[in-house]
Amino acid sequence: MITIWWPAFIVPVMMVVSGILHFPKYRSRQKLSEKQQQFANGLAWKMRWQFGLVFAALAFMLMRSVLRMAAGTQQMIVYVVIVLQAVGFLLIALPVERALQENSDDMA
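On a predicted model such as this, the values are computed, not experimentally measured, just so you know.

Peer 1: Would you mind going over the overall build of the protein in detail, with residue names and values included?
Peer 2: Broken down by element type, the protein carries six helices and zero strands. Along the protein, helices (α) and strands (β) appear in the sequence α-α-α-α-α-α when read from the amino end. Projected onto its principal axes, the C-alpha positions of the protein cover 55 × 20 × 20 Å. Out of the 108 residues in the protein, the part that is buried amounts to 31%. Long-range pairs, those at least 24 residues apart, make up 81% of the contacts in the protein with a sequence separation of at least 6. A total of about 7400 Å² of accessible surface is found on the protein, and carbon and sulfur atoms cover 67% of it. Both charge centroids of the protein, one from 10 positive and one from 5 negative side chains, sit 16 Å from each other.

This is the structure we're talking about:
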């Protein structure tokens, strides 16, 4: 079971580590002021480690619920989980951009 499921924890661990170590900085499509960049960095880092913990917990719960399935089926589920985690990581940019737009007049 562990040999099949350990890849499902790679993305969450990377998210938690990048959120805690504050790396990499948030990159926006538009030019940001220093205050806006700091706000976006802080929000993105905070969301990364929080979502990383949630993704790890969800992967663990899913792993426990499909424990008695065949190994091939578990492997396909692992691939789906990893793809969904990667998409979730990329979609963190949407709420950060929305928060930047809402707070742009306050920070300008």
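Peer 1: Go over the nonpolar core, please, and point to the residues and values.
Peer 2: The biggest cluster of nonpolar side chains holds 11 residues, and these are Val11, Met15, Tyr26, Leu32, Ala40, Ala44, Met47, Phe55, Ile92, Val96 and Leu100. Going through the elements one at a time, α2 (10-21), α3 (34-65) and α5 (93-102) are the ones with two or more residues in this core. Among the elements that make up this core, the one with the highest residue count is α3 (four residues). With sequence-adjacent residues up to four places away left out, methionine 47 is seen in contact with Ile92, Pro95 and Val96.

Peer 1: Explain the environment of isoleucine 82 to me, using residue names and the numbers behind them.
Peer 2: On the secondary structure map, isoleucine 82 appears in helix α4 (residues 71-90). Separated by 70 residues in sequence, isoleucine 82 and proline 12 place their C-alpha atoms 9.4 Å apart. If we ignore the near neighbours within four places in the chain, the residues touching isoleucine 82 are Pro7 and Ala8.

Peer 1: Report on the environment of valine 17, specifying residues and quantitative values.
Peer 2: Inspection of the secondary structure puts valine 17 in helix α2. C-alpha separation for the pair valine 17 and glutamine 101, spaced 84 residues apart in sequence, amounts to 27 Å.

Peer 1: Describe the packing of α2 against α3, and please don't skip the residues or the numbers.
Peer 2: Viewed as axis vectors pointing N to C, α2 and α3 meet at an angle of 155 degrees, and their least axial separation amounts to 7 Å. What the angle tells us is that α2 and α3 run roughly antiparallel. The hand of the α2/α3 crossing is left-handed. From α2, Pro12, Met15, Val16, Ser18, Gly19 and Ile20 reach across to α3, where they touch Trp45, Arg48, Trp49, Phe51, Gly52, Leu53, Phe55 and Ala56. Taken together, the residues of the contact of α2 with α3 sort by class into 10 nonpolar, three polar and one charged.

Quick notes on the rules
- Here the residue index of a chain counts from 1 through its sequence in written order.
- This being a predicted model, a pLDDT of at least 70 is required before a residue's local features are given, and a value of 80 or more before pairs of side-chain atoms are given or counted; all residues contribute to the totals for chains, interfaces and linings.
- Water and hydrogen atoms were dropped before computing side-chain values, which therefore reflect all heavy atoms in the structure.
- The way it works is that DSSP assigns letters per residue, a run of H or I at least four long becomes a helix, a run of E at least two long becomes a strand, and they are numbered from the N terminus.
- We call a residue buried when its accessible area falls under 20% of the maximum for its residue type, exposed when it is over 50%, and partly exposed in between, using a 1.4 Å probe and counting protein chains only.
- Here, two residues are considered to be in contact whenever any of their heavy atoms come within 4.5 Å of each other.
- All accessible-area figures derive from a Shrake-Rupley calculation using a 1.4 Å probe, and residue coverage is judged against the displayed protein chains alone.
- In this charge count, Lys and Arg are treated as positive and Asp and Glu as negative; neither His nor the chain ends contribute.
- Where a charge sits is defined by one atom per residue type, namely NZ (Lys), CZ (Arg), CG (Asp) or CD (Glu).
- Nonpolar core, defined: a set of buried Ala, Val, Leu, Ile, Met, Phe, Trp, Tyr and Cys residues in which side-chain atoms within 4.5 Å join the residues together.
- Convention adopted: a line fitted to C-alpha atoms gives each axis, helices being fitted over their contacting stretch, and angles between N-to-C directions are expressed from 0 to 180 degrees.
- Orientation labels follow simple angle bins: below 35 degrees gives roughly parallel, above 145 gives roughly antiparallel, 65 to 115 gives roughly perpendicular, and whatever is left gives oblique.
- In this scheme the handedness of a crossing depends on how the near helix is turned from the far one: anticlockwise by less than a right angle means left-handed, clockwise means right-handed.
- For this classification, the nonpolar set comprises Ala, Val, Leu, Ile, Met, Phe, Trp, Tyr, Cys and Pro, the charged set comprises Asp, Glu, Lys and Arg, and every other residue, Gly included, is treated as polar.

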